[in-house]
Amino acid sequence: GILFIYIASQFYKDTSLTRNDVHVIKGTLSEDIKLERGRKSKSLVFKLENLSDFKFKIGSLALKETYYEDLMSDLKKGNEIYLTTEKDQYEKKISKKNQMSFLDKYFHYQKIDVVEVQNKGFTYLSLSDYNKTNRENDYWGIGFFGIFGLFLAVIGICIYPKTKKTEILGRASQNYSI
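Asker: How should I be thinking about the nonpolar core in this particular structure?
Answerer: General note: in soluble globular proteins, nonpolar side chains tend to be found buried as a group. Formed by 29 residues in total, the largest nonpolar core has its most connected members in F46, F56, I58 and V117. Per-element tally for this core: the top contributor is strand β6 (residues 111-119), with 4 residues. For F46, the residues in contact, after removing those within four places along its chain, are L29, I33, F54, K55, F56, I58, L71, I81, L83, V114 and V117.

Below, the structure written as C-alpha cells:
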C-alpha cells in the first residue's frame, strides 16, 4: 500500500514545461503529415527534410488539444513548419550535446515528441495545452494509485493485528496443552 502511495506522490510533482525546457525546430515537411492509428491510440507524425532520420510525433493525449484536422489539411509536403520539442530530447538526439541513455539509443531513437506546432502565426498545439493534457493525466495517476494505496494500507492495518492476535493465541494454547 505504501508503494502505491509513493507512486501517487510522484504524479503530484509539477512536470509542466516552460519556454526554457523546450527547443523550436524550423523545418520543411518532407512528406504530408500522417495520422497513425494504433489499437487504442492515434498520433500525428511529421517528417522534416533537414532531419529525415527522425519522426516527430504528437501522441494521443496531446492530439486531443490539437487542431489536427486543420493541420493536416493546411500543411502539405514542402510547407514550412515550427515544431517545438523538449530540450532534453533535442540535445540528446539532434545536437548530440548530451549523452543518450540505453533506451534512447536502442528503443526510441527515431521518435521525438512534439509539444507545440506552429505555422506562420497560427498555433495548432500550444505549450500550455500540452501541459494541460499532461496535468490531467497526472490527476488520474494520483487518483488511481492514491486510492488503491490507501485501500491496501487500511486493509494491511486491519488484517495485521488480527493475524498477530491469532498467532499469539495459537502459541498460548500450545503451551497449555503440553
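Asker: When you look at a nonpolar patch on the surface in this model, what are you seeing that I'm missing?
Answerer: On the surface, F144, F148, F151, I155 and I159 cluster together into a nonpolar patch covering about 480 Å² of accessible area. Topologically, F144 is positioned in helix α6 (residues 127-177).

Asker: It is not clear to me how the layout of surface pockets should be interpreted in this structure. Could you clarify?
Answerer: What the largest pocket holds in volume is close to 180 Å³. At the level of secondary structure, the elements contributing two or more residues to the lining of the largest pocket comprise β4 (55-58), α2 (60-63), β6 and α6. Tallying contributions element by element places α6 first for the lining of the largest pocket, with 3 residues. Considered class by class, the residues forming the lining of the largest pocket number 5 nonpolar, 3 polar and 2 charged.

Asker: So what exactly am I meant to see when it comes to the pattern of salt bridges here?
Answerer: Side-chain pairing between opposite charges can occur once the charged atoms of the two side chains come close. For the coordinates displayed, the defined rule picks out 8 salt bridges. Residues K132 and E65 are paired through a salt bridge, measuring 3.6 Å at the closest nitrogen-oxygen approach. One end of the pair, K132, is in helix α6; the other, E65, is in the loop between α2 and α3 (68-74), with 67 residues separating them in the sequence. Residue classification places E65 among the partly exposed residues on the basis of a relative accessible area of 22%. Across the pair K111 and D113 runs a salt bridge, and its minimum N-O distance is 3.0 Å. For K111, a relative accessible area of 33% puts it in the partly exposed group.

Scoring rules and cut-offs
Residues numbered from 1 in each chain as written. Predicted model: local features only at pLDDT ≥ 70, side-chain atom pairs only at ≥ 80, totals over all residues. Heavy atoms only, no water. Core = buried A, V, L, I, M, F, W, Y, C linked by side-chain atoms within 4.5 Å. Buried < 20%, exposed > 50% of the residue type's maximum accessible area, 1.4 Å probe, protein only. Helix = DSSP H or I, 4+ residues; strand = E, 2+ residues; numbered from the N terminus. Contact = heavy atoms within 4.5 Å. Patch = residues over 30% accessible without salt bridge, like charges linked within 9 Å, V, L, I, M, F, W, Y side chains within 5 Å. Areas by Shrake-Rupley, 256 points an atom, 1.4 Å probe, with all protein chains shown as cover. Salt bridge = Lys/Arg side-chain N within 4 Å of Asp/Glu carboxyl O. 1 Å grid on protein atoms, 1.4 Å probe; cavity = no way out; pocket = protein on both sides within 12 Å on 5 of 7 lines; lining within 4 Å. Points joined across faces, edges and corners; volume = space filled by probe spheres on them. Nonpolar A, V, L, I, M, F, W, Y, C, P; charged D, E, K, R; others polar.

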